[in-house]
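Structural description and commentary
Read off the chains here:
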Amino acid sequence: MTARSGTTCRRGTLAVVTDLIWAHAVPDDGLEHVKPRPTRDGIDVYLFVRATGDDDLAVRRMRSLLDRAGPSIAAQGYVLAAR
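As a starting point, this report considers the structure included with it.

Cut-offs used in this document
- Residues numbered from 1 in each chain as written.
- Predicted model: local features only at pLDDT ≥ 70, side-chain atom pairs only at ≥ 80, totals over all residues.
- Heavy atoms only, no water.
- Core = buried A, V, L, I, M, F, W, Y, C linked by side-chain atoms within 4.5 Å.
- Buried < 20%, exposed > 50% of the residue type's maximum accessible area, 1.4 Å probe, protein only.
- Helix = DSSP H or I, 4+ residues; strand = E, 2+ residues; numbered from the N terminus.
- Contact = heavy atoms within 4.5 Å.
- Expected span 1.5 Å × (residues − 1).
- Pairing = 2+ DSSP bridges.

The next subject is the nonpolar core. In terms of nonpolar packing, the biggest core is built from 13 residues, with Met 1, Val 17, Ile 21, Leu 31, Leu 65, Ile 73 and Tyr 78 touching the most fellow members. Contributing elements (two or more residues each) for this core: helix H1 (13-24), strand E2 (31-38) and helix H2 (55-74). Among the elements that line this core, the one with the most residues is H2, at five residues. For Leu 31, the residues in contact, after removing those within four places along its chain, are Ile 21, Trp 22, Ala 25, Leu 47, Phe 48, Val 49, Arg 50, Met 62 and Leu 65.

Right, dumping it as C-alpha cells:
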C-alpha cells in the first residue's frame, strides 16, 4: 500500500490496517494471518491464506478481500499499489 501525499505512518496505523482487513474478510477468503510492515513509501502487507495448492485461487481471494477493504484503508491515507 502506498501512502497518499501528506500521509505519515502514525502510531497504531499498522494495527488499524490489520483490523480493517480482518473486518472485511469472510470465511471463504481463507485468511489466516496478516503481517503489515512499514516502508519508506507506505505499508507492505503480507497475507497468509489457506490455499491447498491452488495459488491462482488464493490470489483471486486476496485481491477480492483487498478490493473490499480498500475504501476503508483509503480513509486512513493508503491506496493499493499493485494489481
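From this point, the narrative continues.
Most peptide bonds take the trans form, and the phi angle of most residues other than glycine is negative. Positive phi values are uncommon outside glycine, yet Thr 52 reaches one of about 40°. Exposure remark for Thr 52: the relative accessible area of 82% places this residue in the exposed category.

All right, on to the environment of Val 45 then. In this structure, Val 45 sits in strand E3 (residues 43-49). Take Val 45: its relative accessible area is 24%, and that puts it in the partly exposed class. Considered as a pair, Val 45 and Leu 20 are 25 residues apart in the sequence and their alpha carbons are 12 Å apart. Leave out the neighbours within four places in its chain, and Val 45 touches Met 1, Val 17, Ile 21, Val 34, Lys 35 and Pro 36.

Attention now moves to H2. Here H2 is 20 residues long and its end C-alpha atoms lie 27 Å apart, about the 28 Å a rise of 1.5 Å per residue gives. Burial in H2 covers these residues: Ala 58, Met 62, Leu 65, Leu 66, Ala 69, Gly 70 and Ile 73. The inward-facing, buried residues of H2 contact H1, E2, E3 and strand E4 (78-79).

We now examine the pairing of E2. Across seven bridges, the pairing between E2 and E3 is antiparallel. Its bridge partner lying in E3, Leu 31 is registered against Val 49. Counting the residues in the hairpin turn of E2 and E3 gives four residues.

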